[in-house]
Amino acid sequence: MEQLKKQELKNVYGGGFSFGFLAIVGAGITFLIGVIDGYIRPLACN
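Residue positions are given per chain, counted from 1 along the sequence in the order it is written. With the structure being a predicted model, the display of local features is reserved for residues of pLDDT at least 70 and the display and counting of side-chain atom pairs for 80 or more, all residues being used for whole-chain, interface and lining totals. The side-chain values count all of the structure's non-hydrogen atoms but skip hydrogen atoms and water molecules.

Draft legend 1. Representation of the overall build of the protein in the model. Numbered from the N terminus, helices here are DSSP runs of H or I no shorter than four residues, and strands are runs of E no shorter than two. If you tally the helices and strands in the protein, you get 2 helices and 0 strands. In terms of overall dimensions, the protein has C-alpha extents of about 65 × 20 × 5 Å along its principal axes. Per-residue burial over the protein gives 0% buried out of 46 residues. Using the Shrake-Rupley algorithm and a 1.4 Å probe, accessible areas are obtained, with residue cover drawn only from the displayed protein chains. Total accessible area on the protein stands at roughly 5000 Å², and carbon and sulfur atoms take up 67% of it. Accessible area is worked out with a 1.4 Å probe on protein chains only. A residue is then buried under 20% of its type maximum, exposed over 50%, and partly exposed in between.

Draft legend 2. Local environment of a nonpolar patch on the surface. Patch definition: residues above 30% relative accessible area lacking any salt bridge, with like charges linked at up to 9 Å and the nonpolar side chains Val, Leu, Ile, Met, Phe, Trp and Tyr linked at up to 5 Å. For salt bridges, the criterion is a side-chain nitrogen of Lys or Arg within 4 Å of an Asp or Glu carboxyl oxygen. Taken together, Phe31, Leu32, Val35, Ile36, Tyr39 and Ile40 make up a surface patch of nonpolar side chains, about 730 Å² in accessible area. A relative accessible area of 72% places Tyr39 in the exposed class.

Draft legend 3. Here's a closer look at the environment of Ala23. In this structure, Ala23 sits in helix H2 (residues 19–40). Sequence-wise, Ala23 and Asn11 are 12 residues apart; in three dimensions their C-alpha atoms are separated by 24 Å.

Draft legend 4. Focus on the environment of Ser18. Within the secondary structure, Ser18 sits in the loop between helix H1 (6–10) and H2. C-alpha separation for the pair Ser18 and Leu32, spaced 14 residues apart in sequence, amounts to 22 Å.

Structure, rendered in structure tokens:
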């Protein structure tokens, strides 16, 4: 097994989720819920 130096450790990218990815997924889910809700339960504009 090879040991990495400090500078090399800073350049390693992990496989975790980033905040931006979670924000995009959350926005997409919210949009889909709104579309489904509007289709199933349409409300008239006042």
